[in-house]
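# Fold and geometry: a report
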Amino acid sequence: QPSNRWVTTAAAVNSGGSPASVVVDAEAETAGPYVANSGTITVIARPVAGWTSVTNGADAAPGSLAETDPVLRSRRERELGALGTSPVDAIRAALSRVAGVSVVAVAENDTNESDPILGMPPHSVMAIVQGGTDAAVGLALWKAKAGGIETVGDTDVTITDASGATRGVKIRRPTTVPAYATVTLVYADGTYPGDDVVKAATAAVTLLQAAGGKVRMSTIIKALTALAGVVDCTRVLLGRSAGSQEETNLSSLPWEVLELAAARVTVARNRSETA
C-alpha cells in the first residue's frame with residue numbers, strides 16, 4: 001500500500017555484536033486515518049544495510065484528517081472547561097490537550113464505598129484515554145488530579161513530579177472488542193459488487209471507532225446503500241459474538257472500542273431486484 005507508509009520516529013540501533021530485534025515507535029508518513037493492524041507492516045520501502053525485516057507488534061492507533069469545524073468547537077468547549085472548578089472537567093480537558101489523544105472519558109468515585117461495577121476504590125478517578133503516549137498521558141493526569149486521590153487503570157505509568165520525585169499513576173487504555181454483523185440486502189442483478197465488497201464496507205464503519213461509541217444499524221445501512229448495485233439494506237443484526245446478534249445498536253463500555261472485520265460480517269440473504 002504505497003499510500004499507507006510508516007516511518008520510525010527514532011533511530012533503530014543495535015549496539016551489540018549479534019543480530020537482535022530493536023523496538024522503536026513509528027508514525028504514518030502522511031496524516032490521516034490510516035490503519036495498520038498488528039503484523040501488517042512487513043515491507044521495508046527503503047532498504048538499510050543490516051536491517052533484515054520489519055513488523056509491528058501491536059495495532060496502530062489511527063490518526064485523523066484536518067480538524068473540522070464541529071471538532072474544533074468541541075475541543076474549544078473542552079479547553080474552556082479546564083478553566084472551571086470541576087475536577088473531572090479539568091482532568092478531561094488537560095488530557096484532551098495531550099498530543100495524539102483522540103478520546104478522553106473520566107470516571108470518579110467520590111464516595112466512601114468501592115464501586116463494584118467500575119472496580120474503583122473510594123475517592124479515586126479513572127482516566128480512559130485513547131491515543132497519546134503513556135508517559136505524556138500519565139504526566140498530564142498527575143498534574144491535573146487532586147492530591148490524595150487514587151488513580152485507577154490497567155496501565156502503570158511512572159512519572160517524575162516537579163520536585164524530582166518518582167510517582168506512579170494508572171491510566172485505562174481502551175480495549176478492542178470484536179463485533180459481529182449480519183446484513184440482509186436487496187440488490188440489482190448484474191451490478192451487485194459481491195459479498196466481499198459488502199463485508200468490507202460494513203467493517204469500515206468502525207475504522208475510526210472511538211472508545212465508548214456505538215455501532216449503529218443506521219450507519220451500516222447508509223454505507224451499504226451507497227454501494228453501486230445495492231438497492232436496499234432491509235435488516236442489520238449486531239452482537240459481540242456470532243450467536244448473540246440482535247436487531248439493535250451495539251453499545252460499549254467507556255473503555256471499549258467495538259471493531260467489525262470482514263471475516264465477522266455475514267451477508268445472510270441477497271434478494272434480486274431489477275434496477
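Below: a short report on this structure. Just so you know, these numbers come straight off a predicted model, no measurement behind them. Along each chain, residues carry numbers from 1 onward, in the same order as the chain's sequence is written. Totals for whole chains, interfaces and linings use all residues, but because this is a predicted model, local features are given only for residues with pLDDT of at least 70 and pairs of side-chain atoms are given and counted only at 80 or more. Neither water nor hydrogens contribute to the side-chain values; these are computed over all heavy atoms in the structure.

On to the overall build of the protein chain, then. Assigned secondary structure in the protein chain consists of five helices and twelve strands. Its C-alpha atoms give the protein chain principal-axis dimensions of about 75 × 55 × 40 Å. When burial is assessed residue by residue, the protein chain has 30% of its 275 residues classed as buried. Look at the contacts in the protein chain between residues 6 or more apart in sequence, and 58% of them connect residues 24 or more apart. Secondary structure elements are defined from DSSP: runs of H or I of at least 4 residues count as helices, runs of E of at least 2 residues count as strands, and each element is numbered from the N terminus. A simple rule labels every residue: compare its accessible area, found with a 1.4 Å probe on the protein chains alone, to the largest value its type can have, and call it buried under 20%, exposed over 50%, or partly exposed in between. Any pair of residues with heavy atoms lying within 4.5 Å of one another is described as a contacting pair.

Time to look at the packing of helix α4 (residues 195–203) against helix α5 (residues 217–225). As a packed pair, α4 and α5 sit with axes 9 Å apart at the nearest point and diverge in direction by 140°. Comparing their axes, α5 and α4 come out oblique. The way α4 lies across α5 gives a crossing that is right-handed. Contacts from Val 198, Ala 201 and Thr 202 of α4 reach α5 at Ile 220, Ala 223 and Leu 224. Residue type decides the class: Asp, Glu, Lys and Arg count as charged, Ala, Val, Leu, Ile, Met, Phe, Trp, Tyr, Cys and Pro as nonpolar, and the leftover types, Gly among them, as polar. For the contact of α4 with α5, the per-class residue count stands at five nonpolar, one polar and no charged. For helices, the fitted line uses only the C-alpha atoms of the stretch in contact; every axis is such a line through C-alpha atoms, and the angle between N-to-C directions lies from 0 to 180 degrees. By the definition adopted for this analysis, an angle is roughly parallel if under 35 degrees, roughly antiparallel if over 145, roughly perpendicular if from 65 to 115, and oblique otherwise. Two helices cross in a left-handed way if the nearer one is turned anticlockwise from the farther one by less than a right angle. They cross in a right-handed way if the turn is clockwise.

Attention shifts here to the layout of surface pockets. In this structure, the second largest pocket spans a volume of roughly 150 Å³. Grid points spaced at 1 Å and placed over the protein atoms alone form the basis of the search, with a cavity being a set where a 1.4 Å probe fits but cannot get out and a pocket an open set showing protein on both sides within 12 Å along at least five of seven lines. Lining residues have an atom within 4 Å of a point. Around the second largest pocket, the lining comprises 13 residues; the ones closest to its centre are Pro 87, Glu 108, Ser 124, Val 125 and Ile 149. Secondary-structure elements contributing two or more residues to the lining of the second largest pocket are α2 (87–96), β3 (101–109) and β4 (124–131). Here the lining of the second largest pocket gets three residues from one element, more than from any other, and that element is α2. Partitioning the lining of the second largest pocket into residue classes produces seven nonpolar, three polar and three charged. Grid points are joined across faces, edges and corners, and a volume is the space filled by probe spheres set on the points.

Inspection of the secondary structure puts Asn 56 in the loop between β2 (26–28) and α1 (69–81). For the pair Asn 56 and Ala 26, spaced 30 residues apart in the sequence, the C-alpha separation amounts to 9.1 Å. Once residues lying within four places of it in the same chain are set aside, the contact partners of Asn 56 are Ala 36, Asn 37, Ser 38, Gly 39, Thr 40 and Ile 41. A distance of 3.4 Å separates a polar side-chain atom of Asn 56 from the backbone oxygen of Ala 36. A polar contact of 3.2 Å, which involves the side chain of Asn 56, links it to the backbone oxygen of Ala 58. Side-chain atoms alone can form a polar contact between residues adjacent in sequence; in general such a contact is a pair of N or O atoms within 3.5 Å, and within protein one must be able to donate a hydrogen while the other accepts it.

Turning next to the nonpolar core. As used in this record, nonpolar core signifies buried Ala, Val, Leu, Ile, Met, Phe, Trp, Tyr and Cys residues forming a set joined through side-chain atoms within 4.5 Å. Ranked by size, the top nonpolar core spans 23 residues in total, and within it Val 183, Leu 185, Val 198, Ile 220 and Leu 224 carry the most contacts. Listing elements by their share of this core, those giving two or more residues are β9 (180–188), α4, α5, β10 (230–239) and β12 (265–273). Apart from the residues within four sequence positions on either side, Leu 224 is in contact with Val 183, Leu 185, Val 198, Ala 201, Thr 202, Val 230 and Cys 233.

Any carboxyl oxygen of Asp or Glu within 4 Å of a side-chain nitrogen of Lys or Arg constitutes a salt bridge here. Taken as a whole and assessed by the stated rule, the structure comprises nine salt bridges. The partner of Asp 154 in a salt bridge is Arg 172, with the nearest N and O atoms 3.6 Å apart. Of this pair, Asp 154 sits in the loop between β5 (150–152) and β6 (155–160) while Arg 172 is found in the loop between β7 (166–171) and β8 (175–178), placing the two residues 18 residues apart along the sequence. Looking at Asp 154, the relative accessible area reads 44%, which means it is partly exposed. Arg 172 gets classed as buried once you look at its relative accessible area, which sits at 17%. The partner of Glu 256 in a salt bridge is Arg 240, and the shortest N-O contact between them spans 2.5 Å. Of this pair, Glu 256 sits in strand β11 (residues 256–259) while Arg 240 sits in the loop between β10 and β11, and the two are 16 residues apart along the sequence. By relative accessible area, Glu 256 is classed as buried at 10%.

In short, the description is geometric, and any link to function would need to be established separately.
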